[in-house]
Amino acid sequence: MVSSNGGSSVICEKCPENMSGVTQDGWNCITCPKGLTSEGKCKCLNNEILVERRMDGILLNEALCIHCNGSEQSFSASDASGNRCVRCEQTFINVSKSCDCSSPNVLTGGLCFSASESLPPKGVATVRFAQLGITLTSAWFLKNLQSSASACWLYSNLTACQALGNMCVMNMNSLSSSSTDACGLFQYIYVNTARLGIVHSIAFWRHNLPWLYYGDQPGLASQALEANHFPAIFSFKGTDKDVKLQFIAASFDAAGNFLKWQSVEGGILQLCPDTQTKLNAAYAFGTTYQQSCKIPVSKILSDFANPIFYDLFLEYNGDNGQQYLWAVPVLNLNLQYSEMFVNQGSNMNNWLLTRRFFLVDALSGKENDLGKLPRVIRIASKITISIRLVSHTQRGTIYPPLITIAYTDVLVQNPETQSVMVSFSVNYEMNQSEAQIQTDITLGVLGGLAVLWSLLKTAGWKRRTGSSIIDLQTVLKFLLFYAGDLANVFFIITVGTGIYWLVFFKAQQFVSVLLPLPSQEEDFVTYIACAFSLKALQFLKLLVSQLTIDIFFIDWERPKGKVLKAVEGEGVIKSAAAPVSIWRTYFIANEWNEIQTVRKINPLFQVLAVLFFLEVVGFSNLALMDSSSSLTRSSESFIAPWSRILRFGVSAALWLAIAFLQIIFFSVFYERFVEDKISQFVDLCCMSNISVFLLSHSCFGYYIHGRSVHGHADTNMEEMNMNLKREAENLCSQRGLLPNTDGQTFQISISRKMRLHYDRIHETLTRKRGPARLLDSSANTFEQSTRAYNTMNKFLNSFIDHVHKEMDYIVKDKLLLERILGMEFMEPLEKSIFYNDEGHSFSDVLYYGNETTLLIFDMLFFSIVDLASQSFVLAAILTYLQQEIFRFIRNTLGQKNLASKTLVDERFLI
């Protein structure tokens, strides 16, 4: 080389024949007495060093190869680069009194061992990658395994012992009685060095050896994880030492050299990059942490060319203020014991715990040349730190933490296109068996009470249908009642559970409870699904029953005078009673049609208010699996995963609270001072001189007495105002069915004879929908329906007026127990029974009287959608849509049923 300025332009010349070699720096030509390397530079024999310049820097014409004197006077040998003579390795001097390890001495890994010494067995320099089914001979193991084992065995060399332990860790700590691989050699030395004693009173930690195992066989995991509590307490609020997990790691390189003590904060154990704040959030006590990403193999090879090995400890303060370290055990899922993956099962008694681990091993997979890319790399693709709370603790006492690691073997083919999915998580758990037992007991007790309550409902239903035979319909009805009651049981349990965890987990300072793991939430989610399914069945049953009720509007208006009317076909004019206007009936029918889907709350406001508090105010942040009870989170902070139990608890608490406030507002203020549509409908019936006769069952229903105290309502404005004024001044009788009473609404239990008579007339009302041969050929359908309507109206008029002595009725109050149980003890054999009803219970055939069922159904629908989608916004949108869809169905089909049962033309229902 003649010219080079460090840029891309370099000028070179060929060396002359008599000086064919190039100096090490490339600037000069020189004669090489012992030949050239492949690069054209001078080479020397083993144990010789190359000299190209004099001590003053002048270039020699011919290079010198100076032999290093290995005799007793100097014990020198050339260094690895061949530039200096240095003192040879001590084992050479000890064994041969020189720097030569000739036969019969054993040279391995740069160390010399005497053939007369008791060496450990010949090691197998292979690494098994079980996931790929590959076993390869590792260049690193081939170079260092036997020497490390021998130096550790003979000299208790700390670095050699650490290196041997690291090679065992690279082999996944796998043990086999027939193998002399790295772990076999380590166990051989461990077993035969009991005389060296133990470290820090730990039986598994042999002096001079690294601590790799908790025992040499499975079954001791429970002793390490449950025999002792961690000697420190944690809280959700307090100083750093109380609210943070202070993990400390001792790190080593592959050659066994100790590197340093270091805190694991800052992403030491996390392969996925992130901000410092989010990485350190993993060690905030009580914060469930999850992080995952996909990393290119090329980045792994560049960032982790040399593996680092860690011994993990948890720091704590003793009673005297002194700092102590607690060793953290490792559950390596890739470990094999006698060819079995003993750590992959859930039975702790089969586990074999270890201590040391690494994140990436790109060294043991190199086959022939340590300077080339590895054939296989091994990556800690899933790291989980598990913190378990001691049962019945009130001060945040935990068991020793456990770090679980799953490694992935990657066959390196094209590093630029290959990638690996890695994750890091911290889980908190406690024994949930007691909570599960309490839940099961509650479910059993409430489920048994639900059976009894359903039997009472079925008995009441049988009484109201006038049947005493237990048939298939009775059994089906019982199952439907039980479905609704069991839905309420599941609802109570799930709401209670959700609010319990929300309050006791988020509000605690000294930790006494921890949230269930996602796998432990499955029963809870199943309960919610059962509650929703059964409540949906009850809701559909309610919808069908409301759409099939019998209803008739009794018109009390009497004709005013007579009118002349031409008789069709006879050509004569006769006088007849003046017709009564039908518009009052149409008006009442429209009002009834409007209140069919009126509710005690505003459904749209309910959905929007819940969504507002969850997403805008920030109550949704209470559902995060962390210790914070703050409603706000900064964008820089780590966002913990959602807890399904807490999501349900927060949304249920808000839903019920807002609904409760709405009900109070509407019942106490709005309906009292603004508008009460149910009471107004009763008043409107009275002003219109129309009564409402409802039958929700065969022999049970409701009656709204709307007979005007003024005798008639089809009048002009002046007379109507006069009537209202007289009523306001108590110048007329009261509106009640009985004299001198105000009771206008009744629950009615009618006799079988009354029902049969009603059905005969009603059959004529609906016959127009039957076959044509059943119709009266002498009259068209309209006339037949009109006559049937008038017949029904006259019959119900006369029935209310006690005209039919064989179908009479009595009026009485319900017993308190009857009101509580929702059934009637007396059977109407001879006379029907009218029960005074001041609570307007006729609303039971409307949405208004079933607000509890609708509210629970809406809330469960919202929760099911949210649990499936993890989106409160989507849940709110779909909940509102289903409300509108079912309201449309209820209005449409209810209107058709109203038109069919009352003969009010559907065209007049608007």
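Quick look at the overall build of the chain
Within the chain, the regular secondary structure consists of 21 helices and 33 strands. Here the C-alpha atoms of the chain give a radius of gyration of 46 Å, more than 25% beyond the 29 Å that 2.2 N^0.38 yields for 910 residues. Across its three principal axes, the chain shows a C-alpha extent of roughly 155 × 65 × 55 Å. Among the 910 residues that make up the chain, the fraction classed as buried is 48%. For the chain, the proportion of contacts with a sequence separation of at least 24, taken over those separated by at least 6, is 66%. Surface accessibility of the chain: about 43900 Å² in total, with carbon and sulfur atoms responsible for 56%. In the chain, 75 side chains carry a positive charge and 80 a negative one; their mean positions are 5 Å apart.

Regarding the packing of aromatic side chains
Each pair of aromatic rings is reported with the distance of its centres and the angle of its planes. Under the defined criterion, the tally for this structure stands at 57 aromatic pairs. Members of the aromatic cluster, connected to one another through ring pairs, are Phe230, Phe234, Phe236, Phe285, Tyr316, Tyr324, Trp326, Tyr428 and Phe505. A cation sits over an aromatic face here: Arg206 above Tyr190, 4.1 Å from the ring centre.

Topic: unusual backbone geometry
Glycine aside, the phi torsion of most residues is negative, and most peptide linkages are trans. Even without glycine at this site, Asn208 takes up a positive phi of about 75°. With respect to the helices, strands and loops of the structure, Asn208 is situated in the loop between β14 (202-206) and α5 (221-226). Taking the relative accessible area as the measure of exposure, Asn208 reaches 22% and is therefore partly exposed. Positive phi values are uncommon outside glycine, yet Gln870 reaches one of about 55°. Topologically, Gln870 is positioned in the loop between α20 (851-869) and α21 (872-902).

Concerning the environment of Met720
Relative to the helices and strands, Met720 is located in helix α16 (residues 717-728). Between the C-alpha atom of Met720 and that of His710, which follows or precedes it by 10 residues, the distance is 9.4 Å. In contact with Met720, other than residues within four places in its own chain, are Met687, Ala713 and Thr715.

Some details on the side chain of Thr404
With respect to the helices, strands and loops of the structure, Thr404 is situated in strand β24 (residues 402-411). Residues contacting Thr404, with those up to four places away along its chain left out, are Leu331, Leu333, Lys382, Ile383 and Thr384.

Notes on the packing of helix α2 (residues 139-155) against helix α3 (residues 158-170)
Contact geometry of α2 with α3 gives a least axis separation of 8 Å together with a crossing angle of 130°. Between α2 and α3, the crossing angle belongs to the class labelled oblique. The chirality of how α2 crosses α3 is left-handed. The residues of α3 that touch α2, namely those facing Trp140, Phe141, Asn144, Leu145, Ser148, Ala149, Ala151 and Cys152, are Ala160, Cys161, Ala163, Leu164, Met167 and Met170. Of the residues in the contact of α2 with α3, the class split is 12 nonpolar, two polar and no charged.

Here we look at the environment of Gly701
As for its placement among the helices and strands, Gly701 is situated in strand β30 (residues 700-704). Residue Gly701 is classed as buried on the basis of its relative accessible area of 0%. On a C-alpha basis, the gap between Gly701 and Thr91 in space is 106 Å, while along the polypeptide they are 610 residues apart. In this structure, Gly701 is in contact with Leu694, Leu695, Ser696, Phe746, Gln747 and Ile748, ignoring residues within four places of it in sequence.

So, the state of the cysteines
Under the defined criterion, the tally for this structure stands at seven disulfides. With a sulfur-sulfur separation of 2.0 Å, Cys44 is cross-linked through a disulfide to Cys65. The sign of the S-S torsion, about -80°, decides the handedness of the disulfide formed by Cys44 and Cys65: left-handed. With Cys44 in the loop between β4 (29-30) and β5 (48-53) and Cys65 in strand β6 (residues 59-67), this residue pair connects regions lying 21 residues apart in the sequence. Take Cys44: its relative accessible area is 23%, and that puts it in the partly exposed class.

Quick notes on the sheet that holds β30
Pairing within the open sheet is mixed, and its six strands lie in the order β26-β29-β30-β31-β33-β32. Two strands close off the open sheet at either side, each with one partner strand: β26 (550-555) and β32 (809-812). Averaged over all pairs of adjacent strands, the angle between strand axes in this sheet comes to 20°, irrespective of strand direction. Here helix α12 (residues 583-595) sits on the sheet and contacts β26 and β29 (690-695); the angle it forms with β26, its principal contact strand, is near 145°.

Cut-offs applied
- Counting starts from 1 at the beginning of each chain's written sequence and moves along it residue by residue.
- Totals for whole chains, interfaces and linings use every residue, but because this is a predicted model, local features are given only for residues with pLDDT of at least 70 and side-chain atom pairs only at 80 or more, for both listing and counting.
- To obtain the side-chain values, all non-hydrogen atoms of the structure were included, while hydrogens and water were left out.
- Each helix is a run of H or I in the DSSP string that is no shorter than four residues. Each strand is a run of E no shorter than two, and both are numbered from the N terminus.
- Radius of gyration here is computed from C-alpha atoms only, and the compact-globule reference equals 2.2 Å multiplied by the residue count raised to the power 0.38.
- A 1.4 Å probe rolled over the protein chains alone gives each residue an accessible area, and that area as a share of the maximum for its type sets the label: buried under 20%, exposed over 50%, partly exposed in between.
- Two residues qualify as a contact provided that any one of their heavy atoms is within 4.5 Å of a heavy atom in the partner residue.
- Only the protein chains shown count as covering a residue, and every accessible area follows the Shrake-Rupley method with a 1.4 Å probe.
- Asp and Glu count as negative and Lys and Arg as positive, but His and the ends of the chain are not part of the count.
- Working definition for charges: the position is that of NZ of Lys, CZ of Arg, CG of Asp or CD of Glu.
- Centres within 6.5 Å are what make two rings of Phe, Tyr or Trp a pair, Trp counting through its six-membered ring; a difference in plane orientation under 30 degrees is then read as stacked, over 60 as edge-to-face, and the rest as tilted.
- Throughout this description, the term charge over a ring refers to an Arg CZ or Lys NZ atom that lies within 6 Å of the ring centre and within 35 degrees of the ring normal.
- In this description, a line fitted to the C-alpha atoms serves as the axis of each element, helices being fitted only across the stretch in contact, and the angle between N-to-C directions of two axes falls anywhere from 0 to 180 degrees.
- Each angle is binned into one of four classes, with values under 35 degrees roughly parallel, values over 145 roughly antiparallel, values of 65 to 115 roughly perpendicular, and all other values oblique.
- The crossing is said to be left-handed when, going from far helix to near helix, the turn is anticlockwise and less than a right angle, and right-handed when the turn is clockwise.
- Gly is put with the polar residues, along with every residue not named as nonpolar or charged; the nonpolar set is Ala, Val, Leu, Ile, Met, Phe, Trp, Tyr, Cys and Pro, and the charged set is Asp, Glu, Lys and Arg.
- Note on terminology: pairs of cysteine sulfur atoms within 2.5 Å are recorded as disulfides.
- Two strands form a pair only when DSSP identifies at least two bridges running between them.

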